[in-house]
Amino acid sequence: MLTISLTRHPHARKELLLEKQLRVVSRSGLNPTELALIQRLPSLQVNVSGKLTAPLFLGGRTGALAMALWLTRGNDLQGPCRVHTFDAHTQKILQRNLDENRAPSSLFSVETTLAVETFAAESNLVFWQMTKGDGTAERDLDTLERLLCPSTVGPRQILVAADELNETFLKRFKKHCSHVTVRREGTISLLVGVVTSPLSNEDRASRRATFEVSIKGHDPLTLVTYPGCFCHRRADMGGLALTEVVAENVGFEKGDRVMDMGCGCGMDGILLAMAFPEKKLRIDYQDSNAAAILSTQENLVAYPHEARVIFSAEGEGKPKSYDLFLANPPYFGDWRIAEFFVQTAAKLLKKGGLIAFVSKREGKPTELLEAAGFTLLNTFQRRGYTILLAVL
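Here goes a summary of the coordinates provided. Computed from a prediction, not measured in an experiment: that's the story for all the values here.

Let's talk about the overall build of the protein
A count of helical and extended segments in the protein gives 11 helices and 21 strands. For the protein, the C-alpha radius of gyration of 23 Å lies close to 21 Å, the compact-globule estimate for 392 residues. C-alpha atoms of the protein, sized along the principal axes, occupy 70 × 50 × 35 Å. The buried share of the protein, reckoned over its 392 residues, is 54%. As presented, the protein carries roughly 17700 Å² of accessible surface, and 49% of it is formed by carbon and sulfur atoms. Taking the average location of the 47 positive side-chain charges in the protein and that of its 43 negative ones, the two points are 4 Å from each other.

Quick look at the packing of aromatic side chains
Applying the stated criterion across every chain yields a total of five aromatic pairs. With a centroid separation of 5.2 Å and an interplanar angle of 5°, the aromatic rings of Phe-57 and Phe-127 are classed as stacked. Taken together, the positions of Phe-57 in strand β5 (residues 56–58) and Phe-127 in strand β9 (residues 125–130) put the pair 70 residues apart, joining distant regions of the chain. Taking the relative accessible area as the measure of exposure, Phe-57 reaches 4% and is therefore buried. Relative to Phe-169, the ring of Trp-128 lies with its centre 5.4 Å away and its plane at 70°, an arrangement referred to as edge-to-face. Highlighted residues: Trp-128 in strand β9 and Phe-169 in helix α6 (residues 167–176), separated in sequence by 41 residues. For the residue pair Trp-128 and Phe-169, the accessibility class agrees, reading buried in each case. When the ring centre of Tyr-322 is taken as origin, the NZ or CZ atom of Arg-257, which lies over that ring, is 4.5 Å away. Between Lys-360 and the ring centre of Tyr-385, over which it is positioned, the NZ or CZ distance is 4.3 Å.

What about the packing of helix α5 (residues 137–147) against α6?
Packing of α5 against α6 leaves a shortest axis separation of 10 Å and a crossing angle of 10°. Taken together, the axis directions place α5 and α6 in an arrangement best described as roughly parallel. Where α5 approaches α6, its residues Asp-140, Leu-141, Leu-144 and Glu-145 are matched on the opposing element by Thr-168, Phe-169, Arg-172 and Phe-173. Broken down by class, the residue content of the contact of α5 with α6 amounts to four nonpolar, one polar and three charged.

Concerning helix α11 (residues 363–371)
Those residues of α11 that fall on the buried side of the exposure criterion are Pro-365, Thr-366, Leu-368 and Leu-369. Seen along its axis, α11 keeps its buried residues to an arc of 165°; they face one direction. Facing away from the buried surface of α11 by more than 90 degrees, the exposed residues are Gly-363, Glu-370 and Ala-371. In the core, the buried residues of α11 are packed alongside α10 (336–348), β19 (349–359), β20 (375–382) and β21 (385–391).

Regarding the pattern of salt bridges
Under the defined criterion, the tally for this structure stands at 22 salt bridges. A salt bridge links Glu-100 to Arg-8; the nearest nitrogen and oxygen atoms lie 3.2 Å apart. You can see Glu-100 sitting in helix α3 (residues 88–100) and its partner Arg-8 sitting in the loop between β1 (2–5) and β2 (13–17), a full 92 residues away along the chain. Judged by relative accessible area, which is 40%, Glu-100 ranks as partly exposed. Accessibility expressed as a relative area gives 72% for Arg-8, which makes it exposed. Ionic pairing is found between Arg-82 and Glu-122, a salt bridge with its closest N-O pair at 3.1 Å. One end of the pair, Arg-82, is in strand β7 (residues 81–84); the other, Glu-122, is in the loop between α4 (117–120) and β9, and 40 residues separate them in sequence. A relative accessible area of 14% places Arg-82 in the buried class. Glu-122 gets classed as partly exposed once you look at its relative accessible area, which sits at 37%. Among the ionic contacts, a cluster of salt bridges with common partners joins Glu-117, Asp-142, Arg-146 and Arg-204.

Things to note about the sheet that holds strand β16 (residues 282–287)
The seven strands are arranged β17-β16-β15-β18-β19-β21-β20 in an open sheet whose pairing can be described as mixed. Of all the strands in the sheet, the pair left with one neighbour each is β17 (307–311) and β20. Strand-to-strand twist of the sheet, defined as the mean angle between neighbouring strand axes without regard to direction, takes the value 15°. Note: strand β18 (residues 322–327) against β19, five bridges, orientation parallel. Bridging across to β19, Ala-327 finds its partner in Phe-357. Relative to β17, helix α9 (residues 290–302) is tilted by about 165°, and along the sheet it contacts β16 and β17.

Conventions we followed
- Residues numbered from 1 in each chain as written.
- Predicted model: local features only at pLDDT ≥ 70, side-chain atom pairs only at ≥ 80, totals over all residues.
- Heavy atoms only, no water.
- Helix = DSSP H or I, 4+ residues; strand = E, 2+ residues; numbered from the N terminus.
- Rg over C-alpha atoms; globule rule 2.2 N^0.38 Å.
- Buried < 20%, exposed > 50% of the residue type's maximum accessible area, 1.4 Å probe, protein only.
- Areas by Shrake-Rupley, 256 points an atom, 1.4 Å probe, with all protein chains shown as cover.
- Lys, Arg positive; Asp, Glu negative; His and termini not counted.
- Charge placed at Lys NZ, Arg CZ, Asp CG, Glu CD.
- Phe/Tyr/Trp six-rings, centres within 6.5 Å; stacked < 30°, edge-to-face > 60°.
- Lys NZ or Arg CZ within 6 Å of the ring centre and 35° of its normal.
- Axes fitted to C-alpha atoms, helices over the stretch in contact; angles between N-to-C directions.
- Parallel < 35°, antiparallel > 145°, perpendicular 65-115°, else oblique.
- Contact = heavy atoms within 4.5 Å.
- Nonpolar A, V, L, I, M, F, W, Y, C, P; charged D, E, K, R; others polar.
- Arc of directions from axis to C-beta.
- Salt bridge = Lys/Arg side-chain N within 4 Å of Asp/Glu carboxyl O.
- Pairing = 2+ DSSP bridges.

Here's what the structure looks like:
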């Protein structure tokens, strides 16, 4: 029996798949979208020879689907296999699972670029797990249009397993693909088609967007965002409130080092750098989202200053070397990411360094800051948000 192990937990769940030829060991079971696509593997036939050329895997969080294809259809593979994600945290998990299951590095690579068409062009097979909540409808549509690029290896088959199919997405898929089938399998929808009317780069819609933003007393800036970046097409009001409070209440020294954590398109740090050019702020921009990183990099070309862009979910940076930490964490029903931001700030800030933290309320952030060794200096109400300023 072939085995894929995704966890070392002693009470892991073991699933037998493909008529008990494959066993998957995971913490709580595979996502239904991944299960549905694994069940399709034995019957895959994408050309006369049956060869699976440079398959591309999108939307997975475990890598199990890619490894299942390798273990069960390895003789039909013409690599490389690209396992794609837009998120640095998932990138680390995928690479760990591939390594721990001894998936050959010569065959597998984990990719994070937004430009999935660079891989799709060389592939005759694309798997896409579209799990609700993992992305926006606009990002999914942008990704689909990139997958519809011309092929260098013959017709490209796309298999999508989705919790929910957007009508606009489905309409675009049917317009450019033939042999389309859509059916329900349990709780998910399975969409299959072959790209027969490719989209050139010139014909693909550009979803790159700009917006204008400013802080009081300073000229407005025009910033860029790409689909998938938080607050695509608009300014994040929480981040803007944070930046306004910092600009009005923090006395910068020349050469101060700033960490813009969860930077999005880089708005907060860039606004401060442009508002205080004489201070020559050195700003590190860190985010785990590939669209945010691309947006920030482009915005730094337009508004250059001493800066570094970090694609990571690990809270990277030189310990005890920063003067200010900008914390605008996302919230998904709990405070784990907010706590991670605060703990990272405690690690990276110098003694006497400041953290500026934005939230919808004051109680829990104050508790997190005090537990990490910060002393609360003040709180500010701005644009419907609470901004906490604390010192280490």
